Amino acid sequence: MQRQTMKDTNTKKKGQSSFPQRPVAQLLGSNGPIHAVAYSASPSSYILTGSADRSIRLYNPNTTTTTTTTTTTTTTTTSNTAEPSSYITSSSSQKGAGVPSGRLIQSYTGHGYEVLSLAIASDNATFASSGGDRAVYLWDVTTAQTLRRFGASANGGHSGRVNCVTFGGVGDSLVISGGIDTSVRIWDVKAGNNNKPIQVLDDAKDAISSVVVTGEEIIAGSVDGRVRSYDLRMGRCVTDVFANSVTSLCLARDGESLLVGSLDSRLRLMDRRDGTCLRVFNGDDEGWRNEEFRVQSCFGGGERFVVAGGEEEKEEEYDDDDGEVSSSGKVWAWDLVTGKLVAKIPVPVVSARKTAGRGGGIYGGAGLSEERKKRTTVISSIAWKEDGYGDQFCVGGTSGVVTVYGE
């Protein structure tokens, strides 16, 4: 994938678009931190969000109204001859600048606990969700009704919160989930009323934090610092060992490279053919940090960029009008080929009431004390339109607001 990306980068230099840094919409309505965001399948016209308030919301990011925010715009330019830490930024801050608000299409209620993960089927007719309920829900997009509820401890299901979920198999006939109970479970969508798993993978020694699927393989990242690749057809498991807990997995479109995030504030691009590390992305010189929470990362811009949220500890800031805490965070982007940091984008500050539970941690999010003089703002969820090949991406975190970026 690296050779192909280098070729693509060279052929797109003339007239190619830069990294999208302009907030084009904000998706409002959540009463807690955002733990999951997902674009609908191609043409990716809609965004699904999962929140600590136990609700799932479907939005059209095409904007209709304007919300009052404090917006800081950072413009970044890079040079082909610059050193890895050499980039130019210019900032301007404007109180009260308007970021348009996306349109809420539908709300989905049924979870009894926070929603931690979302996956949308390729036909856009159904989606799967998971969270603190110890079960996986299959939803009908149009009717907002649950079609299936996979698992409960008495039904061969997970015994704790379910951190991640994805589709697999021919025609999205399978749902794969990973939980705090250290297991990966496979569910048959077309098995009628049989809501028991058809297979359980329980090699992990700690919670499963992320699951991706390619062909006949299931790849699971765990808090035990392992990434396990299960070849179901061959009955084989290959394990890659990392020094810290794995928080995020993102598979390249060709299936040959895997982006792995971990709690040592590193993102590693791994060659799946031989297990070698192709590139390490970090923000040592610029302050990017991922040491405590489950922060997601992804490819973007046609796999020209590696993009991630992050953790930031800052003094509490108060809005001049109502004396309430504002929330923020940053999005970080690196060039896939060179490993250079190409963008550090502040997320617009939204004046809002304090959220009761500020989550997103490696196990789904423990609250933070309101008495602390410093608070940690986290951008924990991220998704790029068209599976990394569109012109837009969105992020969510502790503020409870999803911000959509475009060009």
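Please read all numbers here as calculations on a predicted model, not as lab measurements.

How each quantity is defined
- Residues numbered from 1 in each chain as written.
- Predicted model: local features only at pLDDT ≥ 70, side-chain atom pairs only at ≥ 80, totals over all residues.
- Heavy atoms only, no water.
- Helix = DSSP H or I, 4+ residues; strand = E, 2+ residues; numbered from the N terminus.
- Buried < 20%, exposed > 50% of the residue type's maximum accessible area, 1.4 Å probe, protein only.
- Contact = heavy atoms within 4.5 Å.
- Areas by Shrake-Rupley, 256 points an atom, 1.4 Å probe, with all protein chains shown as cover.
- Pairing = 2+ DSSP bridges.
- Axes fitted to C-alpha atoms, helices over the stretch in contact; angles between N-to-C directions.
- pLDDT = per-residue confidence, 0-100.
- Core = buried A, V, L, I, M, F, W, Y, C linked by side-chain atoms within 4.5 Å.
- Polar contact = N/O pair within 3.5 Å; in protein donor to acceptor, adjacent residues only side chain to side chain.
- 1 Å grid on protein atoms, 1.4 Å probe; cavity = no way out; pocket = protein on both sides within 12 Å on 5 of 7 lines; lining within 4 Å.
- Points joined across faces, edges and corners; volume = space filled by probe spheres on them.
- Nonpolar A, V, L, I, M, F, W, Y, C, P; charged D, E, K, R; others polar.
- Phe/Tyr/Trp six-rings, centres within 6.5 Å; stacked < 30°, edge-to-face > 60°.
- Lys NZ or Arg CZ within 6 Å of the ring centre and 35° of its normal.

S.K.: Hey, could you run me through the overall build of the chain in this one?
M.R.: Assigned secondary structure in the chain consists of 2 helices and 31 strands. Here the chain, with 407 residues, has 57% of them falling under the buried criterion. A separation of at least 24 residues holds for 56% of the contacts in the chain among residues at least 6 apart in sequence. Looking at the chain as shown, the accessible area adds up to about 17,300 Å², and 43% of this sits on carbon and sulfur atoms.

S.K.: Help me understand the sheet that holds strand β8 (residues 136–140) in this model?
M.R.: Hydrogen bonds between backbone atoms are what pair the strands of a sheet, whose relative direction is either parallel or antiparallel. Spatial ordering of the open sheet is given by β6-β7-β8-β9, a layout of 4 strands whose pairing is antiparallel. With partners counted over all chains shown, the strands left at the sheet margins are β6 (115–120) and β9 (146–150), one partner each. Within this sheet the neighbouring strands show an average axis-to-axis angle of 20 degrees, counted without direction. Of the pairings in the sheet, the one linking β6 to strand β7 (residues 126–131) comprises 5 bridges and is antiparallel in character. From the neighbouring strand, V115 faces β7, where its bridge partner is G131.

S.K.: Is there a simple way to explain the pairing of strand β31 (residues 402–406) in this structure?
M.R.: The buried fraction of β31 is high, at 5 of 5 residues. Taking every second residue as pointing to the same face, both faces of β31 are buried, with V402, V404 and G406 on one and T403 and Y405 on the other. Here strand β1 (residues 22–27) runs beside β31; their pairing, made up of 5 bridges, is antiparallel. By the bridge assignment for β31, L27 is matched with V402. Across 3 bridges, the pairing between strand β30 (residues 393–397) and β31 is antiparallel. When the sheet's bridge partners are listed, V395 is paired in β31 with T403. Hairpin geometry of β30 and β31 is characterised by an intervening segment of 4 residues between the two adjacent antiparallel strands and by a positive phi of about 85 degrees at G400.

S.K.: Hey, could you run me through the side chain of S55 in this one?
M.R.: Following the sequence through the fold, S55 ends up in strand β4 (residues 55–77). Residue S55 is classed as buried on the basis of its relative accessible area, which comes to 12%. Apart from the residues within four sequence positions on either side, S55 is in contact with T49, G50, Y108, T109 and V115.

S.K.: What should I look at first to understand the environment of Y405 in this one?
M.R.: Within the element layout of this structure, Y405 appears in strand β31. Measuring from C-alpha to C-alpha, the distance between Y405 and C394 comes to 6.0 Å, with 11 residues separating the pair along the chain.

S.K.: It is not clear to me how the confidence of the model for the chain should be interpreted in this structure. Could you clarify?
M.R.: Any segment with low pLDDT has predicted coordinates that should not be analysed in fine detail. Averaged over all residues, the pLDDT of the chain is 83; the fraction at 70 or higher stands at 76%. Note that residues 1–16 has pLDDT below 50 and, in this model, 22 contacts with residues that lie over four places away or in other chains. When the criterion is pLDDT under 50, residues 69–96 qualifies, and its contacts beyond four places in sequence or with other chains add up to 63 contacts.

S.K.: Please explain the sheet that holds strand β26 (residues 330–335) as it appears in this structure.
M.R.: Read across the open sheet, the 4 strands follow the order β22-β23-β26-β27; overall the sheet is antiparallel. Strands at the two margins of the open sheet, each flanked by one partner only, are β22 (297–300) and β27 (341–346). If you compare each strand with its neighbour and ignore which way they point, the axes differ by 20 degrees on average.

S.K.: Which parts of the structure should I look at to understand the nonpolar core?
M.R.: Soluble globular proteins: nonpolar side chains tend toward being buried together. By size, the foremost hydrophobic cluster in this structure holds 30 residues, and its most contacted members are F19, V307 and W334. Every element with two or more residues in this core is listed here: β20 (266–271), β22, β23 (305–308), β26, β27, β29 (374–384) and β30. Core analysis: the second largest hydrophobic core is formed by 14 residues, L48, Y108, V115 and A144 among them.

S.K.: Is there a simple way to think about the side chain of H35 in this case?
M.R.: Relative to the helices and strands, H35 is located in strand β2 (residues 34–39). A distance of 3.1 Å separates polar atoms of two side chains, one belonging to H35 and the other to E114.

S.K.: Teacher, can you tell me more about the layout of surface pockets here?
M.R.: Any empty space left between atoms is shown by rolling a water-sized probe over those atoms. Taken as a whole, the largest pocket holds about 1,500 Å³ of empty space. L118, T166, V212, C250 and D387 are, among the 49 residues lining the largest pocket, the residues nearest its centre. For the lining of the largest pocket, the secondary structure elements donating two or more residues are β2, β6, β10 (162–168), β14 (208–214), β18 (246–251), β22, β29 and α2 (385–388). Here the residues of the lining of the largest pocket are counted per class, giving 25 nonpolar, 18 polar and 6 charged.

S.K.: Hey, could you run me through the pairing of β6 in this one?
M.R.: In regular strands, side chains alternate between the two faces of the sheet. Burial analysis of β6 places 5 of its 6 residues in the buried class, the great majority of the element. Where β6 hands over to β7, the hairpin turn is made up of 5 residues, of which N124 adopts a positive phi near 65 degrees.

S.K.: Even after reading the chapter, I still don't get the packing of aromatic side chains, so can you show me in this structure?
M.R.: The relation between two aromatic rings is expressed through the spacing of the ring centres and the mutual angle of the planes. Enumeration according to the criterion identifies 12 aromatic pairs in this entry. Where F19 meets F393, the ring centres are 5.5 Å apart and the plane angle is 50 degrees; that geometry is what we call tilted. Of the two residues, F19 is situated in the loop between α1 (2–11) and β1 and F393 in strand β30; the sequence distance between them amounts to 374 residues. Note on accessibility: F19 and F393 belong to one class, buried. Through pairs of rings, three or more aromatic residues link up here, namely F19, F305, W384, F393 and Y405. Across the ring face of Y389, the terminal group of R253 is positioned such that the distance to the ring centre comes to 3.8 Å.

S.K.: Hey, could you run me through the environment of G151 in this one?
M.R.: Note on placement: G151 falls in the loop between β9 and β10. On the basis of relative accessibility, which here comes to 4%, the residue G151 falls in the buried class. Residue contacts for G151: discarding those within four places in its chain leaves R134, A135, G157, W187 and N195.

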